[in-house]
Amino acid sequence: MKRAEITTILNKKETITLFEDLYGKDNVEANVERYRQLADGFVKNFGDEEFELFSSPGRTEIGGNHTDHNHGKVLAGSVNQDCICAARRNGGNTIRIVSETFHQDFTINLDKLETTDKTTGTVALMKGMLAGFVEKGFQIGGFDAYTTSNVISAAGVSSSASFEMLICCMLDYFFNENKLSVTDYAHVGRYAENKYWNKASGLLDQMACASGGVVTIDFKDCENPKVEKIDFSLDEIDCDLLIVNTGKGHANMSDEYSAVPVEMKRAAAFFGKEVLAEVDYEEFLKKIPQMRKEIGDRCVLRALHFYSENIRVDEEVAALKEKQYDDFLRLVCESGDSSWKWLQNCYCIENASEQAICIALAMTELYFKSRPKMQHAFRIHGGGFAGVIMVILPKAYTEDYTTYIEEKLADKCVYKMSIRKYGAIHMDV
């Protein structure tokens, strides 16, 4: 399409229906304008050329906190915040990306994808994505892209994975005839983070962003994770999903984050295994006294969290399928409690006086204790140590809770979200 066609295309019935699935009926008009501005940005930077539209969502984590990297189970969903772009093949050997959101304009030569000492930032991640495609035998080529994102950055809703899956979708569409699977996308994203960011991440964020909807994922076979979509919407229980930004991102906490999988794998190594999914739970429980002496208490506690989360994910999925929603919400709370007490990812040890996540959780617990009959769930969200918490509560109380928690934390720290139907997509409109 060209810029002159964008208004007609955005007003088509099919496009409006797609936008309702992506963003919710209340957000269609705002996003139509957002895509108009996206097209303007592309033309300003690359000329009035033909371009394609792409979208990739952030994700919410419901259950299975920090289990994927040890081949465990998760329950997650894509959300209606996304990274979008207008892009075209340029026929050359370079990639140029202009990011409105992060005020970036950079070019990468496809012949120069080697790693550098820099292990943060978009350029390093982008090189890792391209190198991941090459490593896995997929095709790459030159393209120009103008991007913008409203996925909360460095706050637990996977702005980085959203961007990664956007790039995968573009490379798949432009150069690989849409032959890649969601699992292929996820492996490329993990490759980029592991090799170019030195971040020991798993596949959860990428799989959830790429898949769309509510999904449960079993990573026992990590090369081919088992993905099942769950037919569920919070509208069924008249509830909203809120993400509360506690005021500090976790972008510079890679060491704290990476220590979690490392310590879980240390517990697995005690049994001669690589990951905890390979270690029998009952055998693990028998060996706790010896493990405490040899690998330390925190490794043991984090491993116990892994096992309890795996069981809980199965219970959450069963509760959703059986429409036992009170049980489901209780299990979400139990998952968050385990993350706080056993996994211990709600604050950084090196700066123990700063505990914004814990404050947000404590204030939220007090809010619901004063309303004991209200359906609700709340928990740490994402990698942890800083960032955001997730809250589920009746729609009728969303405004009241928002006012309450923003008085305790900061103005405009609450984001109302919904689960969107689609993951990373080329927008065929």
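Residues numbered from 1 in each chain as written. Predicted model: local features only at pLDDT ≥ 70, side-chain atom pairs only at ≥ 80, totals over all residues. Heavy atoms only, no water.

Asks: How do you make sense of the pairing of strand S8 (residues 239-245) when you look at a structure like this?
Replies: Two faces, one strand: in a regular strand the side chains alternate between the faces of the sheet. Taking burial as the measure, the seven residues of S8 include seven buried ones, the bulk of the element. Residue alternation in S8 divides its side chains into two sets, Cys 239, Leu 241, Ile 243 and Asn 245 and Asp 240, Leu 242 and Val 244, and both sets are buried. Judged from the four bridges that link them, S8 and strand S11 (residues 414-417) form a sheet pairing that is antiparallel. Bridge pairing in S11 links Val 244 to Val 414. (Buried < 20%, exposed > 50% of the residue type's maximum accessible area, 1.4 Å probe, protein only. Helix = DSSP H or I, 4+ residues; strand = E, 2+ residues; numbered from the N terminus. Pairing = 2+ DSSP bridges.)

Asks: Which parts of the structure should I look at to understand the packing of aromatic side chains?
Replies: Two measures describe an aromatic ring pair: the distance that separates the ring centres and the angle between the ring planes. Under the counting rule described, the total for this entry stands at 24 aromatic pairs. With a centroid separation of 5.6 Å and an interplanar angle of 65°, the aromatic rings of Tyr 173 and Phe 174 are classed as edge-to-face. When its relative accessible area of 26% is taken as the criterion, Tyr 173 is described as partly exposed. Relative accessible area serves as the criterion here: at 7%, Phe 174 is assigned to the buried category. Relative to Tyr 401, the ring of Tyr 367 lies with its centre 5.2 Å away and its plane at 75°, an arrangement referred to as edge-to-face. On the criterion of sequence distance, the pair formed by Tyr 367 in helix H13 (residues 356-369) and Tyr 401 in helix H14 (residues 398-408) is long-range, its members being 34 residues apart. Classification of Tyr 367 by relative accessible area gives buried; the value is 1%. On the accessibility criterion, Tyr 401 (0% relative accessible area) is buried. If you follow Lys 199 out to its NZ or CZ, it ends over the ring of Tyr 257, 4.8 Å from the centre. Residue placement shows Arg 371 over the ring face of Tyr 367; its charged tip is 3.7 Å from the ring centre. (Phe/Tyr/Trp six-rings, centres within 6.5 Å; stacked < 30°, edge-to-face > 60°. Lys NZ or Arg CZ within 6 Å of the ring centre and 35° of its normal.)

Asks: Could you clarify how one ought to interpret the sheet that holds strand S10 (residues 388-394) in this entry?
Replies: Hydrogen bonds between backbone atoms are what pair the strands of a sheet, whose relative direction is either parallel or antiparallel. Spatially, four strands are ordered S9-S10-S8-S11 in an open sheet, and the strand pairing comes out antiparallel. Of all the strands in the sheet, just strand S9 (377-381) and S11 have a single pairing partner and so form its edges. For this sheet the average axis-to-axis angle between neighbouring strands, irrespective of direction, equals 25°. Summarising the sheet, S8 and S10 pair through seven bridges and their orientation is antiparallel. (Axes fitted to C-alpha atoms, helices over the stretch in contact; angles between N-to-C directions.)

Asks: Help me understand the pattern of salt bridges, please; the structure alone is not making it clear to me.
Replies: Note on pairing: side chains with opposite charge can pair once their charged atoms come close. All chains considered together, the criterion is met by 23 salt bridges. A salt bridge links Glu 177 to Lys 179, with the shortest nitrogen-to-oxygen separation between them at 3.0 Å. On the accessibility criterion, Glu 177 (61% relative accessible area) is exposed. Taking relative accessible area as the criterion, Lys 179 reaches 62% and is therefore assigned exposed. For Lys 321, the salt bridge goes to Glu 228, with nearest N and O atoms at 2.7 Å. Here the residue Lys 321 occupies a position in helix H11 (residues 297-321), and Glu 228 occupies one in strand S7 (residues 226-230), the gap between them amounting to 93 residues. Each of Arg 34, Asp 82 and Arg 420 takes part in one network of salt bridges that share partners. (Salt bridge = Lys/Arg side-chain N within 4 Å of Asp/Glu carboxyl O.)

Asks: Would you take a moment to explain the environment of Gly 423 for this structure?
Replies: In this structure, Gly 423 sits in the loop between S11 and strand S12 (425-426). Taking C-alpha positions, Gly 423 is 9.5 Å from Asp 82, a pair spaced 341 residues apart along the chain. Discounting chain neighbours no more than four positions away, the residues touching Gly 423 are Ser 55, Pro 57, Cys 209, Ala 210, Ser 211 and Gly 212. (Contact = heavy atoms within 4.5 Å.)

Asks: Would you mind showing me how to read a negative patch on the surface here?
Replies: On the surface, a cluster of negative charge is made up of Glu 5, Asp 48, Glu 49 and Glu 50. Mapped onto the fold, Glu 49 is located in the loop between helix H3 (28-46) and strand S1 (52-63). (Patch = residues over 30% accessible without salt bridge, like charges linked within 9 Å, V, L, I, M, F, W, Y side chains within 5 Å. Areas by Shrake-Rupley, 256 points an atom, 1.4 Å probe, with all protein chains shown as cover. Lys, Arg positive; Asp, Glu negative; His and termini not counted. Charge placed at Lys NZ, Arg CZ, Asp CG, Glu CD.)

Asks: I keep staring at the nonpolar core and nothing clicks. Help me out?
Replies: A general trend in soluble globular proteins is that nonpolar side chains are found buried together. In this structure, Ile 97, Met 126, Phe 143 and Met 170 are the most contacted members of the largest nonpolar core, which totals 36 residues. Contributing elements (two or more residues each) for this core: strand S2 (73-89), strand S3 (94-99), strand S4 (104-109), helix H4 (122-135), strand S5 (143-149), helix H5 (159-175), helix H6 (182-196) and helix H7 (204-211). Per-element accounting of this core gives the leading share, 10 residues, to H5. Beyond its immediate chain neighbours, meaning those up to four positions away, Met 170 contacts Phe 54, Cys 85, Ala 87, Phe 143 and Ala 145. (Core = buried A, V, L, I, M, F, W, Y, C linked by side-chain atoms within 4.5 Å.)

Asks: Looking at this structure, I do not really get the side chain of His 381. What am I missing?
Replies: Summarising the element assignment, His 381 is placed in strand S9. Within the structure, His 381 has its side chain in polar contact with the side chain of Thr 60 (distance 3.0 Å). (Polar contact = N/O pair within 3.5 Å; in protein donor to acceptor, adjacent residues only side chain to side chain.)

Asks: For this particular structure, what's the right way to read the packing of H4 against H6?
Replies: When two helices pack together, you describe them by how their axes are tilted relative to each other and by the distance separating the axes. Where H4 contacts H6, the two axes come as close as 8 Å, and the packing angle between them is 125°. Taken together, H4 and H6 sit at an angle that is classed as oblique. For the pair H4 and H6, the sense of crossing is right-handed. Facing Ala 124, Leu 125, Lys 127, Gly 128, Met 129, Ala 131, Gly 132, Phe 133 and Glu 135 of H4, the residues of H6 in contact are Val 188, Gly 189, Tyr 191, Ala 192, Glu 193 and Tyr 196. A class-by-class count of the residues in the contact of H4 with H6 yields nine nonpolar, three polar and three charged. (Parallel < 35°, antiparallel > 145°, perpendicular 65-115°, else oblique. Left-handed = near helix turned anticlockwise from the far one by under 90°. Nonpolar A, V, L, I, M, F, W, Y, C, P; charged D, E, K, R; others polar.)

Asks: Is there a simple way to explain H4 in this structure?
Replies: The periodicity of an α-helix, 3.6 residues per turn, causes residues three or four positions apart to be oriented the same way. For H4, spanning 14 residues, the distance from its first C-alpha to its last is 19 Å, which sits close to the expected 20 Å at 1.5 Å a residue. For H4, the set of buried residues is Thr 122, Ala 124, Leu 125, Met 126, Lys 127, Gly 128, Met 129, Leu 130, Ala 131, Gly 132 and Phe 133. Packed against the buried residues of H4 are S3, S4, S5, H5 and H6. (Expected span 1.5 Å × (residues − 1).)

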